[in-house]
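# Report on the structure
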Amino acid sequence: MYTVSAIEMVEVSPRDGLQNEKRAISTADKLALIERAIDAGSRRIEVTSFVNPRAVPQMADADDVCAGLPHRDDVTYIGLVMNQRGAERALATGRIDQLGAVCVATDKFAMANQGQTSDGSVDAAKDIIKLAKENGKTAQATIGASFGCPFEGEVAEDHVVAMAISLAEAGPVEIALADTIGVGNPAHVASLVARVREAIEPIPVRVHFHNTRGTGLANVWAAIGAGASTVDASIGGLGGCPFAPGAAGNVATEDVTYMLERAGMSTGLDLGKLVATNHWLAGVMDKTLPAMVAKASPFPAAEEHRNSKEEEAV
Ligand code: ZN
């Protein structure tokens, strides 16, 4: 079991959080969400994806989002890309600091997601990483469906480890294991994170969980115990995948932050500001968001609040 004092969080709400929402979210609201995330302490944000707008209409304004990003030297803006064309679009904005390449652990899902085999998706991700570096940017890679596939079912750990070793050859800043459809359990997560971490050291492992079956937070905890250093999360717990039937929201940034901070790990995030952003985003989306912490009263309560309660009790 690893013990760490700090965990890096990547805010994915502007991309993974919103991409599956039917309701069109304005570019201004996306930029407001990004600004609120920065104000709450986020320093790595997945701001958009450069994919075919016909496949993912919510991301059709990728260029406009990039044009409106706050100029912050201390924030890394990540753009998700599926192929060379997407990578070129992201680089052309001049505002994306880091490309996020995606490959998929099974052939059927890789075909549905990006029209290639699993091995083909690894080759494409490596080309994207190389292109980013040639252009003076960094890149990271995510292995989708690492813990299970909507089309093929169980995914062999050996295959995911082999993919990570191959990806590491291209020099990404980190490799992520994504539970795209939310089927992971903590024992599986602990095993696979430990194996991949050992296989790609010193490249760090990031994790990406969806809370489809309620195991999201348990999986985050297991991943950190096995040596993952970075966690993707989405304010409000929004999120789904247009190509993953039944996929529910990402683990919520405020819920992960509450758990980790209370457990003595620093996230760099301000829980109060995250909760305020949850309430703001619920208004924008016109619905209650899945995250838990924002529905509960703060704990521990603010000092004045606690004092007044004590006085009443006396
Ligand atoms: Zn996701």
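Scroll up for the structure.
Residues numbered from 1 in each chain as written. Predicted model: local features only at pLDDT ≥ 70, side-chain atom pairs only at ≥ 80, totals over all residues. Heavy atoms only, no water.

## Structural notes on the coordination of the zinc ion
We count it as follows: Donor selection uses N, O and S atoms within 2.8 Å of the metal (3.2 Å for Na, K and Ca). Since no water is included, sites may look incomplete. Secondary structure elements are taken from DSSP: a helix is a run of H or I of four residues or more, a strand is a run of E of two residues or more, and numbering for both begins at the N terminus.
In the first shell of the zinc ion, the protein supplies Asp 16 (OD), His 208 (NE2) and His 210 (NE2), at 2.0 to 2.1 Å from the metal. In primary-sequence terms, the residues that donate to the zinc ion follow D-x191-H-x1-H. With Asp 16 in helix 1 (residues 13–17) and His 208 in strand 7 (residues 205–209), this pair connects stretches of sequence that are 192 residues apart.

## Some words on helix 10 (residues 253–262)
Just so we agree on the cut-off: Only protein chains enter the accessibility calculation, which uses a 1.4 Å probe. A residue is then buried if its area is under 20% of the maximum for its type, exposed if over 50%, and partly exposed in between. The contact rule is simple, with two residues in contact once any of their heavy atoms fall within 4.5 Å.
Burial of helix 10 is extensive: 7 of the 10 residues sit out of reach of the surface. If you check which residues of helix 10 are buried, you get Thr 253, Glu 254, Asp 255, Val 256, Thr 257, Met 259 and Leu 260. The inward-facing, buried residues of helix 10 contact strand 1 (8–11), helix 9 (216–225), strand 8 (230–233) and helix 11 (271–285). Gly 264, located one to two residues past helix 10, shows a positive phi value of around 90°.

## As for the nonpolar core
Put simply, the rule reads: Buried Ala, Val, Leu, Ile, Met, Phe, Trp, Tyr and Cys residues form a nonpolar core when they are joined through side-chain atoms within 4.5 Å.
In terms of nonpolar packing, the biggest core is built from 90 residues, with Ile 34, Leu 99, Ile 143, Leu 177 and Val 193 touching the most fellow members. In contact with Leu 99, other than residues within four places in its own chain, are Gly 79, Val 81, Ala 87, Ala 90, Leu 91, Ile 128, Ala 132, Thr 138, Ala 139 and Gln 140.

## Some thoughts on the pairing of strand 5 (residues 138–144)
Filter applied, for reference: Strands are labelled as partners when DSSP assigns at least two bridges between them. Looking down the strands as they point away from you, a crossover is right-handed if its path from the first strand over the helix to the second goes clockwise.
Of all 7 residues that make up strand 5, 6 are buried, and the element is covered over most of its length. Here 7 bridges tie strand 4 (residues 98–104) to strand 5, and the two strands are oriented parallel to one another. Across the sheet, the residue bridging to Gln 98 is Thr 138, located in strand 5. Of the strand pairs in this sheet, strand 5 and strand 6 (residues 175–179) are connected by 3 bridges, and their pairing is parallel. By the bridge assignment for strand 6, Ile 143 is matched with Leu 177. In this region the chain leaves strand 5, passes through helix 7 (residues 157–168) and returns to the parallel neighbour strand 6; the handedness of that crossover is right-handed.

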